[in-house]
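Observations on the three-dimensional arrangement
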Amino acid sequence: MYSCSLADLPRNGEHPQFCGRHQPARGLDDHRLPGLLLPLGRSHAGPFPPEEYEKAIKAVARASFGKIYLRVDVCGKTLYPSVAGVQYRGDGRDPGSQCLVDTLELYDPAAKTIELGHKYGLEVWCWDTLFDDEATMVRYPPGSDLAKKYGEYPLKDPFLVRNPHLQWRLSPRVDRQQRKTWARLAAHGPVTKLRVTSDRGDATSRVRDADVQILVSDDNVNYRALDAFQMSIVQQKPPILLFEGFSVVQPYFKLALAKNYPKDDSFTICGDRKDFVQMFCDGEWVSAVADWRKQREPAEQGGFGFTANGRFAWDYSNRALGVATVPCKLPKYYGMIELAWPEARAHKLAKLRELAKYAFDGFAYSMRTHTGGLDPAEYGYGKPVREAYQKEHGVDIWTEEFDQEKWLALRASFVNQYLRQAVSLLGERPLYMDVPRMGAGYTRAYGGVPFQPAKWPVAGIRLMGFPEDQPLPALLARAKTKKVRFVDNWTIPPIATFAARLRRSLNEPQIDEVEFYETILYTLRPQYLEAVRNEVQRRKP
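Structure report, in brief. (Residues numbered from 1 in each chain as written. Predicted model: local features only at pLDDT ≥ 70, side-chain atom pairs only at ≥ 80, totals over all residues. Heavy atoms only, no water.)

**Some thoughts on the nonpolar core**
Applicable threshold: What is meant by a nonpolar core is a set of buried Ala, Val, Leu, Ile, Met, Phe, Trp, Tyr and Cys residues, joined one to another through side-chain atoms within 4.5 Å. For the exposure calls, accessible area comes from a 1.4 Å probe over protein chains only, and a residue counts as buried if that area is under 20% of its type's maximum, exposed if over 50%, partly exposed in between. Strands are runs of DSSP state E lasting at least two residues, helices are runs of H or I lasting at least four, and both sets are numbered from the N terminus onward. We call two residues contacting when some pair of their heavy atoms lies within 4.5 Å.
Counting 79 residues, the largest nonpolar core has Leu-130, Phe-131, Phe-360, Tyr-418 and Leu-419 as the members making the most contacts within it. Sort the elements by how many residues they give to this core and helix α9 (residues 404-426) lands first, with 6 residues. Not counting residues up to four positions away in its chain, the partners in contact with Leu-419 are Leu-130, Tyr-365, Leu-431, Met-433, Trp-456 and Ile-461. Ranked by size, the runner-up nonpolar core spans 28 residues in total, among them Leu-194, Val-216, Cys-281 and Trp-314.

As structure tokens, this is what we get:
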């Protein structure tokens, strides 16, 4: 639930000394999800003892880390006791750990982390996410009783459950068009062929007909195998696979592989979502909706989310390829809070006001989100956005063509308004805003990315993580901008590779901070903490 960083590293070879008092940080940062308090791998009931938590933080401090970023909110559920929001309870709706639930009943992790961090000379910062309001990437199994009881997504800010209109809204013009498209496509005749077209021109297809099973479904839950079909390779480079010899009226297909292909990042059948699969019906080829997932046994069960994967790779590991004859209908709302609404800004500020009562040394907003969906650029058409655009430009974005850049700038102005209010609320303590490289994986959920980082320093907002491949605007003062080397611990490399990468980062003069996501994982691997300490020691003159 937290991450650590080697922050504000001095260039004269000095390094932080371990001590028992709070002192300015000169070291590493760390974030985590609400599984935070499980650094020793506890998954059983019973709280994570505060003395074990102290050992973990003490180990991080001894390794020369200088700062802890504590993640305080995930998908609208808070780590800390909250009145403005809702603390994580593990109440049957939220997936998670009983150990975490028991721990939250024993003590407040925010207060405890600040207490222990300061005891061992670490800065402790509040790390939050501005648009992490709904985990659309986390779903209940199809047909589960929980889905019927609670809805599609198990993790969502209860404030938005009560007020769905305060989320990003689908363009009414898109909604009208997709209704027409749905009605037209739903009336097509049987599908008699499927064609999978890869865009990998440097590889030859390794899929063989003996490896493929085709299943069909009426409900995207229960599938049955086709009795007969033929597969042929129409073209080797780039591969094109053709499946025919059937006539299917069901709207869902599953192409399941009978063998597992290598997990070595090699694949030959891949391509963009919109062009990957075509179906033949009513005498013509038309694009089909595609998705993939890891195949679970038996192959006849379980459907697809048909969510916003940008690209697909079918022949990799044990993935199954899902095909739908009609496009998934975009929902009216997208799981991100719309800050154009005064009520939405007030909700965020109320939660920030609670956090400001803690003795955090600073605050940081990340742009990471668990929200992922189809075509985020089609969202952001809420009533206040519509009214503001019409007032400023005389155009109704619900019914007329409009300037996309002006629309994005307007939406960005509401984000700026909230951030100015946040800076004012925090007073002297700094607020940093994450500025990742545009086009990075976790910015895709934002569509056109309605943000204006060049304007933030003027309002007192500081920038963290400004990408190296983007020039710093002249107006940005160096003192208000940190260039951060972000180290994701999704996979931890061998110790020698880890140490070599860290050494390179520490030797880059333009890097202000090396941030290790989910640093607490290293408390399970003391050799990595020792490697960090050794690399920092090398910097001594």
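**Describing the environment of Thr-197**
Selection criterion: Contacts described as polar in this section are N or O atom pairs within 3.5 Å, which, within protein, must combine one atom able to donate a hydrogen with one able to accept it, while residues neighboring in sequence count only if both atoms come from side chains.
Tracing the backbone through its elements, the reader meets Thr-197 in strand β9 (residues 191-197). Note on Thr-197: relative accessible area 25%, which makes it partly exposed. Each C-alpha atom, one on Thr-197 and one on Phe-276, is 5.5 Å from the other, the two residues being 79 residues apart in sequence. Contacts of Thr-197, omitting those with residues within four sequence positions, involve Pro-239, Ile-240, Cys-270, Asp-275, Phe-276 and Gln-278. A polar contact of 3.3 Å, which involves the side chain of Thr-197, links it to the side chain of Gln-278.

**What to know about the pattern of salt bridges**
Note the threshold: By definition here, a salt bridge exists when the distance from a side-chain nitrogen of Lys or Arg to a carboxyl oxygen of Asp or Glu is within 4 Å.
Under the counting rule described, the total for this entry stands at 16 salt bridges. One salt bridge in this structure joins Arg-200 and Asp-202, with 2.7 Å as the shortest N-O distance. In this structure, Glu-535 engages Arg-538 in a salt bridge whose closest nitrogen and oxygen atoms are separated by 3.2 Å. Residue Glu-535 and its partner Arg-538 are located together in helix α11 (residues 526-538), separated by 3 residues, close to a single helical turn. Through salt bridges that share partners, Asp-73, Asp-157 and Lys-351 make up one connected network.

**Brief notes about the packing of aromatic side chains**
For the record, the criterion: Centre distance within 6.5 Å is the pairing criterion for rings of Phe, Tyr and Trp, where only the six-membered ring of Trp is used; planes under 30 degrees apart are then read as stacked, over 60 as edge-to-face, and the remainder as tilted. Distance and angle both matter: a charge sits over a ring if NZ of Lys or CZ of Arg is within 6 Å of the ring centre and within 35 degrees of the ring normal.
A full pass over the atoms with the stated rule returns 29 aromatic pairs. Aromatic pair Tyr-69 and Trp-125: ring centres 5.8 Å apart, planes at 75°, arrangement edge-to-face. Taken together, the positions of Tyr-69 in strand β3 (residues 67-71) and Trp-125 in strand β7 (residues 123-129) put the pair 56 residues apart, joining distant regions of the chain. Assessed through its relative accessible area of 0%, Tyr-69 is described here as buried. The ring of Phe-280 is capped by Lys-193, whose NZ or CZ atom sits 5.0 Å from the centre of that ring. Directly above the aromatic system of Tyr-517 lies the positively charged group of Arg-368, at a separation of 5.1 Å from the ring centroid.

**Quick look at unusual backbone geometry**
The omega torsion across Lys-237 and Pro-238 is -15°, close enough to zero to call that bond cis. Relative to the elements of secondary structure, Pro-238 occurs in the loop between β12 (230-235) and β13 (240-248). Residue Ser-64 is not a glycine yet carries a positive backbone phi of 85°.

**Some details on the sheet that holds strand β6 (residues 86-87)**
The line we're drawing: Any two strands are treated as partners once DSSP identifies two or more bridges connecting them.
Read from one edge to the other, the open sheet built from 3 strands follows the order β4-β5-β6, with strand pairing classed as mixed. Each having just a single partner strand, β4 (73-74) and β6 make up the two edges of the open sheet. In the sheet, strand β5 (residues 77-78) pairs with β6 via 2 bridges, with the strands oriented parallel. Bridging from a neighbouring strand, Lys-77 pairs with Val-86 of β6.

**Considering the packing of helix α8 (residues 383-393) against α9**
Basically, it comes down to this: Note on method: axes are straight lines fitted to C-alpha atoms, helices fitted across the in-contact stretch only, with angles between N-to-C directions ranging 0 to 180 degrees. Throughout this description, any angle smaller than 35 degrees is read as roughly parallel, any larger than 145 degrees as roughly antiparallel, any in the 65 to 115 degree range as roughly perpendicular, and the remainder as oblique. Rotating anticlockwise by less than a right angle from the far helix to the near helix defines a left-handed crossing, while the corresponding clockwise rotation defines a right-handed one. Only Asp, Glu, Lys and Arg are considered charged in this grouping, and only Ala, Val, Leu, Ile, Met, Phe, Trp, Tyr, Cys and Pro are considered nonpolar; every other residue, Gly among them, is considered polar.
Their axes nearest at 10 Å, the elements α8 and α9 cross at an angle of 120°. Of the possible angle classes, the one that applies to α8 and α9 is oblique. In this structure, the crossing between α8 and α9 has a hand that is right-handed. Of the residues in α9, those touching α8 at Pro-384, Val-385, Ala-388, Tyr-389, Glu-392 and His-393 are Lys-406, Trp-407, Leu-410, Arg-411 and Phe-414. Taken together, the residues of the contact of α8 with α9 break down into 7 nonpolar, 1 polar and 3 charged.

**Quick look at the pairing of β13**
The side chains of a regular strand alternate, first on one face of the sheet and then on the other. Sheet analysis places β9 next to β13, joined by 6 bridges and oriented antiparallel. Residue Val-191 lies in a different strand from β13, and its bridge partner there is Val-248. Where β12 folds back onto β13 in an antiparallel hairpin, the turn is made up of 4 residues.

**Notes on helix α10 (residues 495-506)**
The periodicity of an α-helix, 3.6 residues per turn, causes residues three or four places apart in sequence to face the same way. For clarity, the cut-off: Working rule for helices: expected span equals 1.5 Å times residues minus one. Directions drawn from the helix axis to the C-beta atoms are what define this arc.
Compared with the 16 Å implied by 1.5 Å per residue over 12 residues, the 16 Å span of α10 between its first and last C-alpha is a close match. All of the buried residues along α10 are Phe-498, Ala-499, Leu-502, Ser-505 and Leu-506. End-on, the buried residues of α10 take up no more than an arc of 125°, which puts them together on one face. Turned more than 90 degrees off the buried face of α10, the exposed positions are Ala-496 and Arg-504.

**What to know about the packing of helix α7 (residues 342-356) against α9**
Closest axis-to-axis distance for the α7/α9 pair is 10 Å, and the angle between their directions is 25°. In terms of their interaxial angle, α7 and α9 are classed as roughly parallel. With respect to the hand of their crossing, α7 and α9 are arranged in right-handed fashion. Taken together, the residues of α9 that come into contact with α7 (itself represented by Arg-345, Lys-348, Leu-349, Leu-352, Arg-353 and Ala-356) are Phe-414, Gln-417, Tyr-418, Gln-421, Ala-422, Leu-425 and Leu-426.

**Quick word on α9**
The first and last C-alpha atoms of α9 sit 33 Å apart over 23 residues, in line with the 33 Å expected at 1.5 Å per residue. Two to three positions downstream of the cap, the backbone nitrogen of Glu-405 sits 2.9 Å from a side-chain oxygen, assigning the N-cap of α9 to Asp-403. Following α9 by one or two positions, Gly-427 adopts a phi angle in the positive range, close to 65°.

**So, the environment of Gln-250**
For Gln-250, the location among the structural elements is in the loop between β13 and β14 (252-257). For Gln-250, a relative accessible area of 13% gives the class buried. In the structure, Gln-250 is positioned 60 residues away from Pro-190 in sequence and 8.1 Å away in space, judged by C-alpha atoms. Discounting residues that sit within four places of it in the chain, Gln-250 has contacts with Val-216, Ser-217, Asp-218, Arg-224 and Thr-325.

**Comments concerning the side chain of Asn-416**
Looking at the element boundaries, Asn-416 is found in helix α9. Given a relative accessible area of 7%, Asn-416 falls into the buried group. Ignoring any residue separated from it by four or fewer positions in sequence, one finds Asn-416 in contact with Gln-452, Lys-455 and Trp-456.

**Description of the sheet that holds β13**
In space, the 5 strands of this open sheet follow the order β12-β13-β9-β16-β17, with antiparallel pairing throughout. Since the sheet does not close on itself, it has two edges, and those belong to β12 and β17 (284-287), each with one partner. Neighbour-to-neighbour, the strand axes of the sheet open up by a mean angle of 25°, direction not taken into account.

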